[in-house]
Amino acid sequence: MTETFYDVLRRQGISRRSFLKFCSLTATSLGLGSAYAPKIAHAMETKPRTPVIWLEGLECTCCSESFIRSAHPLTKDVILSMLSLDYHVTLMAAAGHQAEKQLEEIKKKYKGNYILAVEGNPPLNEDGMFCIEGGRPFVEILKETAADAKAVIAWGACASYGCVQAAKPNPTRATPIDKVISGKPIVKVPGCPPIAEVMTGVVTYMLTFDRIPELDRQGRPKMFYGQRIHDKCYRRPHFDAGQFVEQWDDDNARKGYCLYKMGCKGPTTYNACSTVRWNDGVSFPIQSGHGCIGCSEEGFWDKGSFYDRVTDIKQFGIEANADKVGGTAAAAAGAAVAVHAAASALKKAKKSETVTGEN
Amino acid sequence: MNLNAAAASLENDPETAAGKTVYVYEGPVRLWHWINALCILVLAVSGYLIGSPLPSVSGEASANFLMGYIRFAHFAAAYVFAVGFLVRIYWAVAGNHHARQLFMLPVTDMKWWAGLIRELRWYLFLEKQPYKYVGHNPLGHLFMFLFVTVAAILMICTGFALYGEGMGLGSWQDRLFGWVIPLLGGSQATHSWHHLGMWGIVTFVILHVYAAVREDIMSRQTMISTMISGQRTFRE
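Structural notes, computed from the coordinates. (Residues numbered from 1 in each chain as written. Chains lettered and ligands numbered in written order. Predicted model: local features only at pLDDT ≥ 70, side-chain atom pairs only at ≥ 80, totals over all residues. Heavy atoms only, no water.)

Comments concerning a nonpolar patch on the surface
Residue and element names in this part refer to chain B.
In step 1: Taken together, the side chains of Trp34, Val205, Val209, Val213, Ile217, Ile224 and Ile228 present a nonpolar region at the surface, about 600 Å² in accessible area.
In step 2: Take the nonpolar patch: its biggest share by element is 4 residues, from helix α8 (residues 187-218).
In step 3: Inspection of the secondary structure puts Ile224 in the loop between α8 and α9 (226-229). (Patch = residues over 30% accessible without salt bridge, like charges linked within 9 Å, V, L, I, M, F, W, Y side chains within 5 Å. Areas by Shrake-Rupley, 256 points an atom, 1.4 Å probe, with all protein chains shown as cover. Salt bridge = Lys/Arg side-chain N within 4 Å of Asp/Glu carboxyl O. Helix = DSSP H or I, 4+ residues; strand = E, 2+ residues; numbered from the N terminus.)

Some details on the interface of chain A and chain B
In step 1: With 48 residues of chain A in contact, the opposing surface of chain B contributes 50 residues.
In step 2: Together, the buried faces of chain A and chain B total about 3,900 Å²; carbon and sulfur atoms form 58% of this surface.
In step 3: The largest share of the area that chain A buries against chain B comes from Arg217(A), His340(A) and Lys347(A), three residues that together contribute 16% of it.
In step 4: Across the chain A-chain B interface, the total number found is 2 salt bridges.
In step 5: The residue Glu165(B) makes a salt bridge to Arg228(A) at a minimum N-O spacing of 3.7 Å.
In step 6: The tally of links between chain A and chain B comes to 29 residue pairs in polar contact (both at pLDDT 80 or more).
In step 7: The greatest single-element share of the side of chain A that touches chain B, amounting to 16 residues, is contributed by helix α14 (residues 322-358) of chain A.
In step 8: Class assignment of the residues belonging to the side of chain A that touches chain B gives a composition of 19 nonpolar, 13 polar and 16 charged. (Contact = heavy atoms within 4.5 Å. Buried area = accessible area lost by both parts, 1.4 Å probe. Polar contact = N/O pair within 3.5 Å; in protein donor to acceptor, adjacent residues only side chain to side chain. Nonpolar A, V, L, I, M, F, W, Y, C, P; charged D, E, K, R; others polar.)

Overview of the packing of aromatic side chains
In step 1: What the rule picks out here adds up to 27 aromatic pairs over all chains.
In step 2: Between Trp301(A) and Phe306(A), the aromatic rings sit 5.9 Å apart at their centres with planes inclined by 55°, giving tilted as the arrangement.
In step 3: Its relative accessible area of 21% is what places Phe306(A) among the partly exposed residues.
In step 4: With a centroid separation of 5.8 Å and an interplanar angle of 90°, the aromatic rings of Tyr79(B) and Tyr163(B) are classed as edge-to-face. A residue pair is termed long-range when its members are at least 10 positions apart, and Tyr79(B) in helix α3 (residues 66-94) and Tyr163(B) in helix α5 (residues 138-167) qualify at 84 residues.
In step 5: Residue class for Tyr79(B) comes out partly exposed when judged on its relative accessible area of 29%.
In step 6: Among the aromatic residues, those joined into a ring-pair cluster are Phe75(B), Tyr79(B), Phe160(B), Tyr163(B), Trp172(B) and Phe177(B).
In step 7: The residue whose ring lies beneath Lys39(A) is Tyr36(A), and the NZ or CZ to ring-centre distance is 4.6 Å. (Phe/Tyr/Trp six-rings, centres within 6.5 Å; stacked < 30°, edge-to-face > 60°. Buried < 20%, exposed > 50% of the residue type's maximum accessible area, 1.4 Å probe, protein only. Lys NZ or Arg CZ within 6 Å of the ring centre and 35° of its normal.)

Some thoughts on the layout of surface pockets
All names here are of chain B.
In step 1: For the second largest pocket, the calculated volume is near 1,000 Å³.
In step 2: Residue lining of the second largest pocket: 43 residues in total, with Ile50, His74, Phe75, Leu162 and His194 positioned closest to the centre.
In step 3: Tallied by class, the residues present in the lining of the second largest pocket amount to 24 nonpolar, 13 polar and 6 charged. (1 Å grid on protein atoms, 1.4 Å probe; cavity = no way out; pocket = protein on both sides within 12 Å on 5 of 7 lines; lining within 4 Å. Points joined across faces, edges and corners; volume = space filled by probe spheres on them.)

Quick look at empty space enclosed by the protein
In step 1: Using the criterion set out here, one finds 4 cavities of 30 Å³ or more in the structure.
In step 2: In this structure, the largest cavity encloses a volume near 190 Å³.
In step 3: If you trace the largest cavity, you find 15 residues lining it, with Arg217(A), Tyr270(A), Leu169(B), Asp174(B) and Ile181(B) closest to the centre.
In step 4: Mapped onto the lining of the largest cavity, the elements with two or more residues apiece are α5 and α7 (180-183) of chain B.
In step 5: Per element, the largest residue contribution to the lining of the largest cavity is 3 residues, and it comes from α5(B).
In step 6: Split into classes, the residues belonging to the lining of the largest cavity amount to 5 nonpolar, 5 polar and 5 charged.

A look at the packing of α5(B) against α8(B)
Helix-helix packing is described using two parameters, namely the angle between the two axes and the distance between the axes.
Residue and element names in this part refer to chain B.
In step 1: Between α5 and α8, whose axes approach to 9 Å, the crossing angle comes to 150°. On the basis of the axis angle, α5 is roughly antiparallel to α8. The chirality of how α5 crosses α8 is left-handed. Two secondary-structure elements touch here, α5 through Phe143, Met144, Phe147, Val148, Ala151, Met155, Thr158, Gly159, Leu162 and Glu165 and α8 through Ser187, Thr190, His191, His194, Gly197, Met198, Gly200, Ile201, Phe204, Leu207 and His208.
In step 2: The class makeup of the residues in the contact of α5 with α8 is 11 nonpolar, 9 polar and 1 charged. (Axes fitted to C-alpha atoms, helices over the stretch in contact; angles between N-to-C directions. Parallel < 35°, antiparallel > 145°, perpendicular 65-115°, else oblique. Left-handed = near helix turned anticlockwise from the far one by under 90°.)

Below is the structure:
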């Protein structure tokens, strides 16, 4: 008989009670309501376990670090039981040839039936030699593994958008995985790193419902990336009131006013930080007094300063933003108008002089 | 038709003979012009203040709604601007042929190019007098097309895309205009483009007002009163 998730969990020593608690928690975190808890339980008890292969390319492992710190210890245990059995470079017990053999075996045994989770991205310059794993360019391993996967998860800003290694001038040509993999459904879970509960939520959804969550235009799960940080920020009332931190050490900062003027990217960033928060729901950047830097947005390293609201536009030179460019254009137009008006007045005066002279 | 022949036909148009008066801008066009002017004023000021807010207010958050009112003014004026633009498009179809001028550039017409060059030379003080036009002169026409028609479309698309972010996924604003945001490289970049668009329109307004006043005095036709009464009178 094929092993189910539930079988695996029981073998890992997780009690029936803990299992059901996990199911309710997952249903809630996915925004599905309590009625879905039994459905999740049923799916996990009956469906054969879907293995997850976790590859790491050009990255910093912050996604894995975030993932294993999932708020609820239970969630972490459950998800890790699902994952660690298969392939995860950082977490698995096997190493070297043994590990690579295991990867081959999973790919063969579960062909077309495993989920590929990718942390980091492949650099394409110099035939991919900037990231070598097991003696081969990562891009080759990625393409091969993706070819037989059921679906692909792009963890973090690296896999989704390229992140810091793809920031200008991108010397290694680090490339988001959706530009390399074709013909497979890809779920982007951006963030640097993504929130742990968001990561476990996405994995659980895909494992239990056997389909990818509903995605937005940019391929992100709507349930976690449907709203901006700003839309659910607890400092939003100060924004609407017009109460802002003007300087880092001013009284308004101590009062916890809105960080909009300090360049907070909450209004332009889609993520769940202001609802799910971090570290067991303890806090998130804005709550600890610093603006959002927009780490889950595409190309956030190249979008100007983290501390400006009207950010610089690099095409117009160093330190020029829309106000400087536009203001200069408007001032130039105003000056040109003044000069032109003076010249026109002179011409008009001259003309009437001539006319009077003729009379 | 070569440039010289085009110039000759422009100069000898009986419709623009001295002393003649022509009804150019119909009521809806004039009304739209002034509503639009007011909208642009409100939109530019409130938009600038959204990007660079006023100094913080004191007191309880619940007792203030300054940013909320500024944003409300922006959104309300934006709706009026957008609806006005749609009505104006309708009037381009329903109204007289001058109402259509704003929406198309006659780039294949030699006469138009001859007029454009003449108008540029007129502004460089190289011509004694400009040609007369019942509608827009070619230089004005070009600017109107770029900074009224094209700019309005760009501002409406980026503006409603940004507004859709607040209204949420699945709102009609998001469904109609949401595609703009990934196209421009994200929300922050869309904000920057929207902001630059504002400065483009402000620059246009400066030139537009100056040109209208100057031509009213210096050219051979009325300008400002034409946008009030709709009538254009020609001089020698």
